[in-house]
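Chain and residue survey
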Amino acid sequence: MDLKEADKLYKNCMKILIENQHPNGGFYASPPGTRYPFIYPRDHSICILGTISAGLLSEAKKGLEFMLASQKPSGEFSQRYDVDGNDTSYKDLQIDGNGLILYALNQYLKATGGLFFESLADRAFCEQYWEAIEKAVDFILQNKNDEVNLIHTINSIHEYPAYEHGFEIYANSTCCAGLFGAVEIGSALGKNVEEWRQQAEQVKEAILERLYSPRRRSFIKCIRVKYKSSDPIGYDAYASSVIDVDAVEYAPALFGLIDEHDLRNVNTVKRIDKLLWDEELGGLNRYPELWDRNNGGYGPWLHFTCQLSNHYTAVNNQDMAEKYLGWVVSMAHNYMMPEHISTVERFEMWLDDYTNAKILRDSKLTMIEQIRAHPKWKEGFAYVTMPLIWPHAEFIIAYNNYKKKFFSRS
Amino acid sequence: MIRLGSMLPQAFMIGITDLVNIIGPEKTVKWLIQIGRELAETQGPGLEGAPEGDLNYLPICPFSDELIHFIDMFGERPKEFQTIVEYVKEREAANTDKVECPAVASILCLMHHAYRVKRAEMAGYGTLHLACRSVVTGSKPAYNEEAIAKAGVTKEEVDKILEKGVCIFKFVKEE
């Protein structure tokens, strides 16, 4: 990997994060005037984690304040918000947002304390929003199925109910990590959080047992179930498993629910790398091509590539970490990153499929124009949604992990 | 055939027709509006729809599938639905502040509009409902001409958006 280029990219990632935080605290998913000029709790939470990793704690706090103040009366965080914190969602429940915000809040608390947690941690901030924390936890637990101890969702990270409606691994990992985060926050504030701890342990055990396939030696994507309260779930109309590979099957380790060296995780990552590394373009795809739902054409995503590099860094596999991060560095354009990258050929195939099927929405036409107008188009690449802020935050996190592991003097 | 798992929305619409006969259209309309408001309270502040310039629109009607399914089962739109729509039109004709009225293409617009208005109100916005197109075959779009004028757009512009959407409204920040 070209470290000079990586450093330049890192610096620009920080700049982009700062520039794309609205004065009210929300991180745009993509800048105003582009495709996603809204605040999505998922993207926003990762941006907060990016600022924490970069030591930008006041930005992180501002981001958390924005989101905690925008919580719905039910305790849910909506799919997306405008810059004033008004719900502008157009999709159904995405419960991973609840987990991610609690997780990010706990990471913030720990970062403010650092080595002097007892004296320095920003407990006052967490105390100020304790009611919101309680409501966020309650909302997660309201969506827990007591037969299997897993959290039910309709959408998750890919906003794709066809494969995510039910007990999905990313939603469950983030919610479980969020519950543990709330337990840590509560403990720091002297609250009684024993019940939450037990619930979090139940969800964790269920993830490791029910969302892991011993015969495949891999975590699986989803147990599809239509209704949260189907009892028994075997009789639910959707009852089935999604066993296709998905980059987020790494989520249990990414969110600290399982050790990176645990063979269940190691083998899951092997399967992800084997089946989702893009042989033509490099980089990691998010799920199999046959799902045929990559606006702008099938291809690798920079933030999932960054995410998986964290595994290789953690297990001391520098070659693979370099392969992953080096690819991200090489694909950045003007030190900025798109949502994902495709080829001209795949782009045309996608366009053809969606046009024929009559599912090409008007809103996609602008995206198509931008892809074709991007300088990389002439080199044979389709850069889709440029820039997307999320991968910049993921790169900050991944590159800091990489440098700390392989270049730290201690 | 009614599948038990999807029976509730159909039961709700049968309930509406029964209610018109039991308590009359005026109270039924109030009841539908009240449901919309109560549901809005549970969701908190929010602004619906996809932005299109200064306007917002819904590409599809969230109730269309259930409505079509209901009509498929029971034939023509029940006369009670028509009774409600006619009542609303008469009421609006007598209303001096038509700008605030919903553009009603189906009875469910009443509940939906009340929900949308209440959530916008919690966010500090007023709502103008410009037009709505029913998904029921043969139905004409419903317009609120006063709201269109107040929104500062033309009917032609509204019609243009109606080609790709079913419901058009504008949120106005309250002073």
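All of these numbers come straight from a predicted model, not from anything done at the bench.

All names here are of chain B. Confidence in the prediction of chain B, expressed as mean pLDDT, is 90, and 97% of residues score 70 or more. Least confident of the elements in chain B is helix H2 (residues 64-74), whose mean pLDDT is 86; most confident is strand S5 (residues 167-173), at 96. We note a pTM of 0.94 for the whole complex and an ipTM of 0.86 for its interfaces.

This part covers the packing of helix H3 (residues 57-69) of chain A against helix H4 (residues 96-113) of chain A. Residue and element names in this part refer to chain A. Running from amino to carboxyl end, H3 crosses H4 at an angle of 145 degrees, the nearest separation of the two axes being 11 Å. Crossing of H3 over H4 shows left-handed handedness. Mapping the contact onto sequence places Leu-57, Ala-60, Lys-61, Leu-64 and Met-67 in H3 and Ile-101, Ala-104, Leu-105, Tyr-108, Ala-111 and Thr-112 in H4.

Let us look at the domain arrangement of chain A. All names here are of chain A. Each assigned domain of chain A is listed with its residue range as follows: domain 1 (1-37 + 277-402) and domain 2 (39-269). For domain 1 and domain 2, the distance between their C-alpha centres works out to 23 Å. The partner domain 2 presents 33 residues to the 32 residues of domain 1 that form the contact. Broken down by secondary-structure element, the contributors of at least two residues to the side of domain 1 that touches domain 2 are helix H1 (3-19), helix H13 (302-314) and helix H17 (389-406). No other element matches H17, which puts 8 residues into the side of domain 1 that touches domain 2.

Quick look at the sheet that holds strand S3 (residues 166-168) of chain A now. Residues and elements named next belong to chain A. The 3 strands are arranged S3-S6-S7 in an open sheet whose pairing can be described as antiparallel. Of all the strands in the sheet, just S3 and strand S7 (240-242) have a single pairing partner and so form its edges. Each strand axis lies, on average, 15 degrees off the axis of its neighbour in the sheet, ignoring direction. Where strand S6 (residues 222-224) meets S7, 3 bridges bridge the pair, whose relative direction is antiparallel. Across the sheet, the residue bridging to Cys-222 is Val-242, located in S7. Seen against the sheet, helix H9 (residues 169-188) touches S3 and S6 and runs at an angle of roughly 70 degrees to S3.

Conventions adopted
- Residues numbered from 1 in each chain as written.
- Chains lettered and ligands numbered in written order.
- Predicted model: local features only at pLDDT ≥ 70, side-chain atom pairs only at ≥ 80, totals over all residues.
- pLDDT = per-residue confidence, 0-100.
- Helix = DSSP H or I, 4+ residues; strand = E, 2+ residues; numbered from the N terminus.
- Axes fitted to C-alpha atoms, helices over the stretch in contact; angles between N-to-C directions.
- Left-handed = near helix turned anticlockwise from the far one by under 90°.
- Contact = placed C-beta atoms within 7 Å.
- Domains from an automatic or database assignment.
- Pairing = 2+ DSSP bridges.

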